[in-house]
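# Summary of structural features
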Amino acid sequence: MKGAIVVSIAAALAVSGCSSKSTTGGTSGGGSEAKLSIQAVGAFDTEGNALKAEAAATPVNPAGDGKAKCKDVAIAMTGALTGDDAALGLNIVNGVRLAVKQHNDANKDCKVELKEFDTEGSADKATQVVPNIINDKTVVGVVGPAFSGETQATGELFSQAGLVSATASATRPTLTDNGWKSFFRGLGSDALQGPAIANYVTKVKGAKKVCVIDDSTPYGTGIADEVKKTLGAANDASCTMQVKKGDKDFSAVVTKMSAAKPDAIFYGGYYAEAAPLLSQLRAGNVEAVFSAGDGVNDPKFVELAGNAAKGAILGCPCGEGPESFQKAYADLAGQEPGVYSAEAYDLATIMLTAIDQGKITRPDMLAFFKGYDGQGLQGTYKWNAKGELEKSGVWMYEVK
């Protein structure tokens with residue numbers, strides 16, 4: 001997808017406003033005592049051009065006016081809460097927990113229950129978990145699923161049940177091509193993220209030759225395809241590679257990249273594999289710029305890769321939210337927000353706002369989402385008929 005995107009950078013440089021995404025870098029993989037962090041560079045369009053900040057609008061508050069009345073109503077979160085990629089799911093659920101807590105603290109006559117369902121990020125596990133959510137009639141909205149594979153596997157189930165499933169993180173573009181009636185994406189897709197990263201790597205970082213690797217998952221192949229399309233002549237097809245989710249030995253990749261000598265490498269996948277991959281690349285003296293998307297953009301990546309992560313370029317159609325949110329999140333979760341935390345908070349807030357307005361049935365919640373137009377921490381939430389946001393942005397980060 002080409003062309004500049006319109007973005008409400010009320011979110012973009014409200015990323016503290018887009019100042020830094022802090023995390024402590026470990027010593028594994030690099031053997032350095034230096035602390036690294038994922039630093040926000042700024043918001044960019046799909047052509048790799050920096051976007052200017054706009055005046056921030058006041059986001060909707062999950063507390064509402066404190067006068068809501070309700071009973072026996074719940075929202076759910078589903079995604080990876082355990083397993084190799086759990087850090088991403090925990091970022092989401094903690095954002096939802098914060099919104100629910102702020103709502104319930106302010107509304108003594110409307111205590112909304114949060115029900116959490118662990119899929120471990122697995123499509124197979126999700127197909128077992130989702131029927132339990134659907135069969136719980138107290139649940140009127142779901143934040144999730146988290147990953148593209150599990151979303152693809154369960155979207156039709158949610159659609160048939162008329163149960164809103166609003167993802168804070170699943171970015172594969174084709175998810176909104178399934179004709180699902182209750183799916184809403186709470187951030188930009190890889191049709192925005194992929195081109196933005198590709199153009200940033202070539203135009204800003206000056207890469208002339210890029211090797212693209214993916215992890216064979218729906219998310220990884222999807223974003224890799226978008227990157228390759230945008231790279232054009234800079235994409236060296238001779239060094240394109242696929243690995244598998246769960247791989248830890250990347251010696252074949254190191255050998256091929258060492259021979260190819262690219263200026264940059266793009267990896268489509270998640271941090272659990274990206275960290276050892278990058279560590280092994282650096283140990284093999286492959287010094288190409290390493291870039292990846294939101295599946296890698298997590299403090300756990302830096303912790304696992306250690307000093308090898310230095311200089312990595314990470315994209316995300318997500319931001320961190322303003323300082324007030326970051327502090328409240330840290331107070332609740334015991335750590336700073338990560339990718340998707342603010343988006344999850346916003347999606348939960350929309351559901352809570354609907355409940356406060358008496359929308360406590362699944363049809364009412366679905367109608368509320370379809371007609372919604374409101375300000376969140378991350379910008380304006382208004383969806384088109386397919387469930388895509390009408391406006392969204394892409395943020396670039398660098399490990400420093």
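Before going into details, it helps to say that this report is about the structure given with it. Keep in mind that this is a model prediction, so the values were computed, not measured.

To continue, consider the packing of aromatic side chains. Under the defined criterion, the tally for this structure stands at twelve aromatic pairs. Judged by centre distance (5.0 Å) and plane angle (40°), the rings of Tyr219 and Tyr270 are tilted. Highlighted residues: Tyr219 in helix α6 (residues 218-231) and Tyr270 in the loop between β9 (264-268) and α8 (271-283), separated in sequence by 51 residues. The exposure class assigned to Tyr219 is buried, which follows from its relative accessible area of 3%. Here Tyr270 falls in the buried class, since its relative accessible area comes to 6%. Where Phe290 meets Phe301, the ring centres are 6.4 Å apart and the plane angle is 15°; that geometry is what we call stacked. Placement of the pair is Phe290 in strand β10 (residues 289-292) and Phe301 in helix α9 (residues 299-305), with a sequence separation of eleven residues. In this structure Phe290 comes out as buried when scored by relative accessible area, which is 1%. Residue class for Phe301 comes out buried when judged on its relative accessible area of 0%.

This part takes up the side chain of Gln193. Assignment of secondary structure puts Gln193 in helix α5 (residues 190-204). Residue class for Gln193 comes out buried when judged on its relative accessible area of 0%. Of note is the side chain of Gln193, whose polar atom sits 2.7 Å from the side chain of Asp190.

You can see Ala330 is positioned in helix α10 (residues 323-333). By relative accessible area, which is 24% here, Ala330 ends up partly exposed. When the C-alpha positions of Ala330 and Leu98 are compared, they lie 9.8 Å apart, and in sequence the two are 232 residues distant. Contact partners of Ala330, with chain neighbours within four places excluded, come to Gln335 and Glu336.

What follows covers the pairing of strand β2 (residues 74-79). Within β2, six of the six residues are buried, leaving the element largely enclosed by the surrounding structure. Where burial is concerned, the two faces of β2 agree: the one with Ala74, Ala76 and Thr78 and the one with Ile75, Met77 and Gly79 are both buried. In the sheet, β2 pairs with strand β3 (residues 113-118) via six bridges, with the strands oriented parallel. Note on β3: the bridge partner recorded for Gly79 is Asp118. The handedness of the β2 to β3 crossover, carried by helix α2 (residues 86-106), is right-handed.

Excluding glycine, residues mostly carry a negative phi; peptide bonds, for their part, are mostly trans. Across the junction of Gly144 and Pro145, the peptide omega takes the value -5°, indicating a cis bond. In this fold, Pro145 is placed in the loop between β4 (139-143) and α4 (148-161). Despite not being glycine, Asp72 has its phi angle at roughly 55°, a positive value. Of note, Glu120 is a non-glycine position whose phi angle comes to about 60°, a positive value. Residue class for Glu120 comes out partly exposed when judged on its relative accessible area of 43%.

Overall, the coordinates contain three disulfides when judged by the stated rule. Each sulfur in the disulfide pair Cys70 and Cys110 lies 2.0 Å from the other. Its torsion about the S-S bond being 95°, the disulfide of Cys70 and Cys110 is classed as right-handed. Here Cys70 is found in the loop between β1 (38-44) and β2, whereas its partner Cys110 is found in the loop between α2 and β3, with 40 residues between them in sequence. Cys70 gets classed as buried once you look at its relative accessible area, which sits at 14%. Sulfur-sulfur distance for the disulfide between Cys211 and Cys239 comes to 2.0 Å. The chirality of the disulfide connecting Cys211 with Cys239 is left-handed, given an S-S dihedral of about -95°. Remark: Cys239 occurs in the loop between α6 and β8 (241-242) and Cys211 occurs in strand β7 (residues 210-214); sequence separation between them is 28 residues. Here the protein chain pairs its bonded cysteines, counted in sequence order, in the arrangement 1-2, 3-4, 5-6.

Two elements in contact, α5 and α6, have axes whose closest approach is 8 Å; the angle formed by their N-to-C orientations is 50°. On the basis of their axis angle, the class for α5 and α6 is oblique. Taken as a pair, α5 and α6 cross one another with a handedness that is right-handed. Residues Asp190, Ala191, Gln193, Gly194, Pro195, Ile197, Ala198, Asn199 and Thr202 of α5 form the contact with α6, whose own contacting residues are Tyr219, Ile223, Glu226, Val227, Thr230 and Leu231. Here the contact of α5 with α6 is composed, by residue class, of eight nonpolar, five polar and two charged.

The end-to-end C-alpha separation of α4 is 20 Å, in line with the 20 Å expected for 14 residues at 1.5 Å each. The sharpest bend along α4 reaches about 45° and sits at Thr154. Of the residues making up α4, those classed as buried are Ser148, Gly149, Glu150, Thr151, Thr154, Gly155, Phe158 and Ser159. Elements that come into contact with the buried residues of α4 comprise β2, α3 (123-135), β4, β5 (164-167), β6 (183-185) and α6. Gly162 sits one or two positions beyond α4 and adopts a positive phi of about 65°.

Cut-offs applied
Residues numbered from 1 in each chain as written. Predicted model: local features only at pLDDT ≥ 70, side-chain atom pairs only at ≥ 80, totals over all residues. Heavy atoms only, no water. Phe/Tyr/Trp six-rings, centres within 6.5 Å; stacked < 30°, edge-to-face > 60°. Helix = DSSP H or I, 4+ residues; strand = E, 2+ residues; numbered from the N terminus. Buried < 20%, exposed > 50% of the residue type's maximum accessible area, 1.4 Å probe, protein only. Polar contact = N/O pair within 3.5 Å; in protein donor to acceptor, adjacent residues only side chain to side chain. Contact = heavy atoms within 4.5 Å. Pairing = 2+ DSSP bridges. Right-handed = clockwise from strand over helix to strand, strands pointing away. Disulfide = S-S within 2.5 Å. Axes fitted to C-alpha atoms, helices over the stretch in contact; angles between N-to-C directions. Parallel < 35°, antiparallel > 145°, perpendicular 65-115°, else oblique. Left-handed = near helix turned anticlockwise from the far one by under 90°. Nonpolar A, V, L, I, M, F, W, Y, C, P; charged D, E, K, R; others polar. Expected span 1.5 Å × (residues − 1). Bend = angle between axes of the 7 residues up to and from the residue.

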